[in-house]
Amino acid sequence: MNAEKKTLLVTGGSRGIGAAICRQANRAGYRVAVNYVSNQGAADALVAELKAAGGDAFAVKGDVGSEADVTALFEAVDRAFGRLDAFVNNAGIVDVKARVDEMSVARLERMMRINVVGSFLCAREAVKRMSTRHGGKGGAIVNISSAAARLGSPGEYVDYAASKGAIDTMTIGLAREVALEGIRVNAVSPGITETEIHASGGQPDRVARMQDMLPMKRAGTADEVASAVFYLLSDAASYITGAILNVSGGR
Ligand code: NAP
């Protein structure tokens, strides 16, 4: 019976926006693979929560910026579920505030390796499994971009903004590339969302500091972003591909 259930893999699914996506998919009856890179405690706790709610989920460690890890990640999903219906390219990083004239090669390469190359590698593996061209049954991919791609993030992290610009372009190109192969590819572009990512970039007060400047005078929640992702993954969005959906409260 489980073999008939749809499956979802979310990179960086253990915390923040990714965890909210995993929870919504679990409630909707998907079998869920939760990827993480270092915080095993958070991943294990989420999987225990999903299982306690009656779901079928597992955690799988892997750095999306490593080709070997990405290959192993998708093979783990093959072994556990035997099919892949939905994939969310969610794992992403920011860095500490810096101007472009202060950025090191090491910083730039890490940003692009995880946010851009990692997303491409994962999309590649998802397409290999979903595409009718490769014997798959089709599927849906959602990439997590950012309002930063439109705003540029001056004085904060132009490198991060540019990495998300690449995600928008990849979304449009890949959507058209696989449109006849049963795969829809879309992006969700969140504005400032309440998660731990801001603290990881050395700005734990970023949401509180910026919320008065936002049109709705508040940040979004991970659940509000996840709802948009879940809609794009679902059959309700069957004629939507190559779209970039802003979930940014008007920003
Ligand atoms: P978060 O709370 O910092 O969570 C990040 C998740 O990604 C964690 O599960 C983390 O795993 C995982 N991760 C980090 N680096 C990874 C890697 N190299 N390989 C695999 N997994 C990795 O982040 P978030 O705020 O939910 O952000 C999720 C996505 O939304 C990102 O792409 C981000 O750019 C985008 N976004 C966020 C906001 C916002 O305001 N929060 C706004 C726009 C866009 P561990 O727990 O093991 O570290």
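These lines cover the structure that appears in this document, whether it is placed above or below.

Quick notes on the rules
Residues numbered from 1 in each chain as written. Predicted model: local features only at pLDDT ≥ 70, side-chain atom pairs only at ≥ 80, totals over all residues. Heavy atoms only, no water. Axes fitted to C-alpha atoms, helices over the stretch in contact; angles between N-to-C directions. Helix = DSSP H or I, 4+ residues; strand = E, 2+ residues; numbered from the N terminus. Parallel < 35°, antiparallel > 145°, perpendicular 65-115°, else oblique. Left-handed = near helix turned anticlockwise from the far one by under 90°. Contact = heavy atoms within 4.5 Å. Nonpolar A, V, L, I, M, F, W, Y, C, P; charged D, E, K, R; others polar. Core = buried A, V, L, I, M, F, W, Y, C linked by side-chain atoms within 4.5 Å. Buried < 20%, exposed > 50% of the residue type's maximum accessible area, 1.4 Å probe, protein only. Expected span 1.5 Å × (residues − 1). Near = heavy atom within 4 Å. Polar contact = N/O pair within 3.5 Å; in protein donor to acceptor, adjacent residues only side chain to side chain. Pairing = 2+ DSSP bridges.

### Some thoughts on the packing of helix H1 (residues 16–27) against helix H9 (residues 222–233)
Line of reasoning, step 1. Between H1 and H9, the shortest axis-to-axis distance is 8 Å and the interhelical angle comes to 55 degrees. With respect to H9, the element H1 is oriented oblique. Classified by chirality, the crossing of H9 by H1 is right-handed. Facing H1, whose interface residues are Gly 16, Ile 17, Ala 20, Ile 21, Gln 24, Ala 25 and Arg 27, H9 presents Ala 222, Asp 223, Val 225, Ala 226, Ser 227, Val 229 and Phe 230.
Line of reasoning, step 2. Within the contact of H1 with H9, the residues separate by chemical class into nine nonpolar, three polar and two charged.

### Concerning the nonpolar core
Line of reasoning, step 1. Core analysis: the biggest nonpolar cluster contains 36 residues, and Leu 9, Phe 74, Leu 84, Phe 87 and Ile 141 have the highest contact counts within it.
Line of reasoning, step 2. Listed by contribution, the elements that provide at least two residues to this core are strand E3 (57–61), helix H3 (67–81), helix H4 (105–130), helix H6 (158–177) and strand E6 (183–190).
Line of reasoning, step 3. Broken down by element, this core gets its largest block of residues, eight residues, from H4.
Line of reasoning, step 4. With residues near it in sequence (within four places) discarded, Leu 84 still touches Thr 7, Leu 8, Leu 9, Phe 74, Val 77, Ala 126, Arg 129, Met 130 and Gly 138.
Line of reasoning, step 5. Listed in part, the 30 residues of the second largest apolar core include Ala 19, Ala 86, Val 142 and Val 225.

### So, H6
Line of reasoning, step 1. For H6, spanning 20 residues, the distance from its first C-alpha to its last is 28 Å, which sits close to the expected 28 Å at 1.5 Å a residue.
Line of reasoning, step 2. All of the buried residues in H6 are Asp 159, Tyr 160, Ala 161, Ser 163, Lys 164, Ile 167, Asp 168, Met 170, Thr 171, Leu 174 and Ala 175.
Line of reasoning, step 3. Summarising the contacts, the buried residues of H6 are in contact with strand E4 (86–89), H4, strand E5 (139–144), helix H5 (148–151), E6 and strand E7 (244–247).

### A few points about the site of the ligand
Line of reasoning, step 1. Taken together, 31 residues sit near the ligand, with Ser 14, Arg 15, Ser 38, Tyr 160 and Thr 195 positioned nearest.
Line of reasoning, step 2. Here an oxygen atom of the ligand sits 3.3 Å away from a polar atom, N or O, in the main chain of Gly 12.
Line of reasoning, step 3. Within the side chain of Arg 15, a nitrogen or oxygen atom sits 2.6 Å from an oxygen atom of the ligand.
Line of reasoning, step 4. Secondary structure elements with two or more residues in the shell around the ligand: H1, strand E2 (31–36), H6 and helix H7 (197–200).
Line of reasoning, step 5. When its residues are assigned to classes, the shell around the ligand shows twelve nonpolar, 15 polar and four charged.

### Observations regarding the environment of Val 77
Line of reasoning, step 1. Along the polypeptide, Val 77 turns up in helix H3.
Line of reasoning, step 2. When the C-alpha atoms of Val 77 and Ala 187 are compared, they prove to be 22 Å apart, with 110 residues separating the residues in sequence.
Line of reasoning, step 3. Excluding residues within four positions of it along the chain, Val 77 makes contact with Leu 9, Ala 33, Phe 58, Gly 82, Arg 83 and Leu 84.

### With respect to the sheet that holds E4
Line of reasoning, step 1. Taken in spatial order, the seven strands make up an open sheet running E3-E2-E1-E4-E5-E6-E7, and their pairing is parallel. Each edge of the sheet is formed by a strand with only one pairing partner; in this case those strands are E3 and E7. Within this sheet the neighbouring strands show an average axis-to-axis angle of 20 degrees, counted without direction.
Line of reasoning, step 2. Relative to E5, E4 runs parallel, the two sharing four bridges. Paired with Val 88 across the two strands is Val 142, which belongs to E5.
Line of reasoning, step 3. The sheet strands contacting H4 are E4, E5 and E6, and the helix crosses E4 at an angle near 175 degrees.

In short, geometric facts, not functional conclusions.
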